[in-house]
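In case you want the letters, here they are:
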Amino acid sequence: MHIPDGFVPLWQCAIYFAVAAPFILASLRWASKEMDELKVPLLATLAAGIFAIQAMNLPIPWGTSGHMVGAVMAAIILGSPWAGVLLLTLVLLVQGFVFADGGITTLGVNILNMGIISCFVGYYSYEGFKKLGTKIVAASFIGAWLGLFVSALVCAVELWLAGTFPLVEGLYFMGLYHAVIGVIGEGVITAIVIGVVLNVRPDILPSERKVSA
Amino acid sequence: MRKTLVFGIAIALLIAGLAPFLASSNPDGLESAAEKFSSAEGMDYVAFNSPMPDYAIEGMGRTGEVLAIMIGTLLMLVMAYGAGMILKKT
């Protein structure tokens, strides 16, 4: 879902940078409060893992492919949506500048979609479903799927505003492809990782720490 | 904790090593959608010349792809660790 340079007019790119900036600053503020002996190495490991898995495109039907974003997984493990915003900002910076994956002028809009929107929608859906009694693994699947799907729809609207995509067909194809990518690339992998952490090191998960305390 | 992190980093590097062989080279969701619309042409605009575009090193084939993703993964590890340490102190 990385928007390349040239897909969004520069003046709109500037608006997206302005919208994303306060969220990025807030994620830095979160980190300066929350980072400790446990969370610094966790953050670094998650950054490496998210970068690697984003480089692995999984095939879906219609001659298309897609990969995990990972913001929701990071937010669940570190216990805050700000973790996902910070991590995706770092990952998108490296992808854009070093690997030409996603544009530079479109960094703001990409951080907004994959960092901020996917993470907040996904993390709070996860929290919501958990409150309704859904098991952690199932809630993480639903949250991860919703985060990716909703951010893809927002992305389609942004590209319509940019004059790049038609509205209805854009929503249809972005929605269709990412509904499938959301299941295999985002939901399943997030659920597996959270399931493994829950079984092997439940103390890492902030939600489990609170329960046992 | 150290074991868990080493395990996590090992998985990241394993994925990095396998990605060039396993990853689908089909266009991703956004590129596929863009191909349907003629209005989405004009992708040649480049704002910045990246050293390793498309997760590859020129003239190095598959080896270059493995190297590129490995370098990226280690770079992320160092960058996020550095950012975390700096933010921890502030």
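Below: a short report on this structure. Keep in mind the model is a prediction, meaning the values are calculated, not measured.

1. Some remarks on the overall build of chain A
Inference 1: Looking only at helices and strands, chain A features eight helices and two strands.
Inference 2: Starting at the N terminus, the α and β elements of chain A follow one another as α-α-β-β-α-α-α-α-α-α.
Inference 3: Here the C-alpha atoms of chain A give a radius of gyration of 17 Å, agreeing with the 17 Å that 2.2 N^0.38 yields for 213 residues.
Inference 4: Expressed along its principal axes, the backbone C-alpha trace of chain A runs to roughly 55 × 35 × 30 Å.
Inference 5: Put simply, chain A has 213 residues, and 60% of those count as buried.
Inference 6: Within chain A, contacts between residues at least 6 apart in sequence are counted, and of these 75% link residues at least 24 apart.
Inference 7: Counting only carbon and sulfur atoms, one obtains 73% of the accessible surface of chain A, whose full area is about 7500 Å².
Inference 8: Averaging the locations of the 9 positively and 11 negatively charged side chains of chain A gives two centres separated by 13 Å.

2. Side note on the nonpolar core
Inference 1: Counting residues in each nonpolar core, the largest one holds 92 residues, and the members touching the most others are I77(A) and M174(A).
Inference 2: Excluding its chain neighbours within four sequence positions, the residues that come into contact with M174(A) are M1(A), A152(A), C155(A), A156(A), F165(A), G29(B), L30(B) and A33(B).

3. Brief notes about the interface of chain A and chain B
Inference 1: Listed by partner, the interface residues are 62 residues for chain A and 50 residues for chain B.
Inference 2: Linking chain A with chain B are one salt bridge, by the criterion used here.
Inference 3: Of the charged contacts, one joins K88(B) and E37(A) as a salt bridge, the two residues approaching to 2.7 Å between their closest N and O atoms.
Inference 4: Mapped by element, the contributors of at least two residues to the side of chain A that touches chain B are helix 1 (10-34), helix 2 (39-54), strand 1 (58-60), strand 2 (64-66), helix 4 (81-99), helix 6 (136-161) and helix 7 (167-200) of chain A.

4. Brief notes about the environment of L28(A)
Inference 1: Mapped onto the fold, L28(A) is located in helix 1.
Inference 2: Spatially, the C-alpha atom of L28(A) lies 6.9 Å from that of L86(A), the residues being 58 residues apart in sequence.
Inference 3: Dropping the residues within four chain positions of it, L28(A) is found in contact with L86(A) and L87(B).

5. Thoughts on the packing of helix 6 of chain A against helix 7 of chain A
Residue and element names in this part refer to chain A.
Inference 1: Interaxial distance between helix 6 and helix 7 falls to 7 Å at its minimum, and their mutual angle equals 155°. With respect to helix 7, the element helix 6 is oriented roughly antiparallel. Seen from above, helix 6 lies across helix 7 with right-handed handedness.
Inference 2: Taken together, the residues of the contact of helix 6 with helix 7 sort by class into 23 nonpolar, eight polar and one charged.

6. Thoughts on unusual backbone geometry
Inference 1: At D54(B), a position not held by glycine, the phi torsion is positive, near 55°.
Inference 2: Its location among the elements puts D54(B) in the loop between helix 2 (29-36) and helix 3 (61-89).

7. Re the environment of T64(A)
Inference 1: Checked against the element boundaries, T64(A) lands in strand 2.
Inference 2: Classification of T64(A) by relative accessible area gives buried; the value is 0%.
Inference 3: Linking T64(A) and I181(A), residues 117 residues apart in sequence, is a C-alpha distance of 9.7 Å.
Inference 4: If we skip the residues at most four places from it in the chain, T64(A) touches L58(A), P59(A), Y177(A), N26(B), P27(B), D28(B), G29(B) and S32(B).
Inference 5: One polar contact links the side chain of T64(A) to the main-chain carbonyl oxygen of W62(A), over a distance of 2.9 Å.

8. Describing the side chain of D28(B)
Inference 1: Looking at the element boundaries, D28(B) is found in the loop between helix 1 (2-22) and helix 2.
Inference 2: Among the polar contacts listed, one links the side chain of D28(B) to the backbone nitrogen of L30(B), at a separation of 3.1 Å.
Inference 3: There is a polar contact of 2.8 Å between the side chain of D28(B) and the backbone nitrogen of E31(B).
Inference 4: Residue contacts for D28(B): discarding those within four places in its chain leaves M1(A), N57(A), T64(A) and S65(A).

Rules used in this analysis
- Residues numbered from 1 in each chain as written.
- Chains lettered and ligands numbered in written order.
- Predicted model: local features only at pLDDT ≥ 70, side-chain atom pairs only at ≥ 80, totals over all residues.
- Heavy atoms only, no water.
- Helix = DSSP H or I, 4+ residues; strand = E, 2+ residues; numbered from the N terminus.
- Rg over C-alpha atoms; globule rule 2.2 N^0.38 Å.
- Buried < 20%, exposed > 50% of the residue type's maximum accessible area, 1.4 Å probe, protein only.
- Contact = heavy atoms within 4.5 Å.
- Areas by Shrake-Rupley, 256 points an atom, 1.4 Å probe, with all protein chains shown as cover.
- Lys, Arg positive; Asp, Glu negative; His and termini not counted.
- Charge placed at Lys NZ, Arg CZ, Asp CG, Glu CD.
- Core = buried A, V, L, I, M, F, W, Y, C linked by side-chain atoms within 4.5 Å.
- Salt bridge = Lys/Arg side-chain N within 4 Å of Asp/Glu carboxyl O.
- Axes fitted to C-alpha atoms, helices over the stretch in contact; angles between N-to-C directions.
- Parallel < 35°, antiparallel > 145°, perpendicular 65-115°, else oblique.
- Left-handed = near helix turned anticlockwise from the far one by under 90°.
- Nonpolar A, V, L, I, M, F, W, Y, C, P; charged D, E, K, R; others polar.
- Polar contact = N/O pair within 3.5 Å; in protein donor to acceptor, adjacent residues only side chain to side chain.

Nothing here speaks to function; it is geometry throughout.
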